[in-house]
Amino acid sequence: MSNIAIIAGSSRSNSQSAKVARFMRQRLIARHGLQEAEISVIDLGSYPLPLWPTGDGGPWSMFEKQLLAADALVILAPEWNGMACPAVSNFFLYASKVQLAHKPALLVGVSAGVGGATPITELRAYSFKNCRLCYIPEQLVVRHVEQVLNMPEPVSEDDRRLRERMDYALEVLLRYADALGPVRATIDMTNPAFANGM
């Protein structure tokens, strides 16, 4: 099986994005056969990254270990004023190809209303450039986040459909993780001439 890192990309502590991350973690265990030790949650609201590295390691040293061990990622991007939250954008200023290159990732937009797609578009456009993360074609948008994924069983038709779509997207992500592992192992990432994307 694969190791999965789930990034809860909100700047707020105890955020709805963190709730979704915890729910996805439990779903990976209950529905997809992963063990607790194979899934890490990086909560940027509980452990915020400074706007620039401070030199003391900070939370990034802990995150880096989790990312190095990961075979695939889930990026939860909450929508703030129609854009990706600053915390998740800042995460990609820290991340490099050392941790993320040629690993598949599932993008998940999170919205308190009917939005949530714009952060996905924004991150697909630029966030992979230097870290070489590979976004899979599947994506997920969690709309009206406060009303879904709160109980063990769905409380509405929207809640039920979201859970089914989540399971499908996670299964696709796991298949990509299996497929890209051998590819990643054969790519030389030590050439300093190509440290950054074009």
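As the structure is a prediction and not an experimental result, all values here were calculated from the model. (Residues numbered from 1 in each chain as written. Predicted model: local features only at pLDDT ≥ 70, side-chain atom pairs only at ≥ 80, totals over all residues. Heavy atoms only, no water.)

## Re the nonpolar core
Here is step 1 of the chain: Within the largest apolar cluster, 31 residues are counted, with the highest numbers of intra-cluster contacts made by Ile6, Met24, Val74, Leu76, Leu106 and Val108.
Here is step 2 of the chain: Taken together, the elements giving at least two residues each to this core come down to strand 1 (4-8), helix 1 (16-32), strand 3 (72-80), strand 5 (104-110), strand 6 (134-142) and helix 6 (157-185).
Here is step 3 of the chain: With eight residues, the single largest contributor to this core is helix 6.
Here is step 4 of the chain: Grouped together as the second largest cluster of nonpolar side chains are 29 residues, Ala5, Ile42, Ala87 and Ala95 included. (Core = buried A, V, L, I, M, F, W, Y, C linked by side-chain atoms within 4.5 Å. Buried < 20%, exposed > 50% of the residue type's maximum accessible area, 1.4 Å probe, protein only. Helix = DSSP H or I, 4+ residues; strand = E, 2+ residues; numbered from the N terminus.)

## Focus on the state of the cysteines
Here is step 1 of the chain: A full pass over the atoms with the stated rule returns zero disulfides.
Here is step 2 of the chain: Here Cys85 stays unpaired: no disulfide links it, and the sulfur of Cys131, its closest cysteine neighbor, is 17 Å away.
Here is step 3 of the chain: Classification of Cys85 by relative accessible area gives buried; the value is 0%. (Disulfide = S-S within 2.5 Å.)

## Some remarks on the pattern of salt bridges
Here is step 1 of the chain: Evaluation of the coordinates by the stated rule reveals nine salt bridges.
Here is step 2 of the chain: Between Asp167 and Arg31 there is a salt bridge, with the nearest N and O atoms lying 3.5 Å from each other. In this pair, Asp167 is assigned in helix 6 and Arg31 in helix 1, connecting sequence segments 136 residues apart.
Here is step 3 of the chain: Note on Arg31: relative accessible area 53%, which makes it exposed.
Here is step 4 of the chain: One salt bridge connects Asp178 with Arg175, and the closest N-O pair in it is separated by 2.9 Å. (Salt bridge = Lys/Arg side-chain N within 4 Å of Asp/Glu carboxyl O.)

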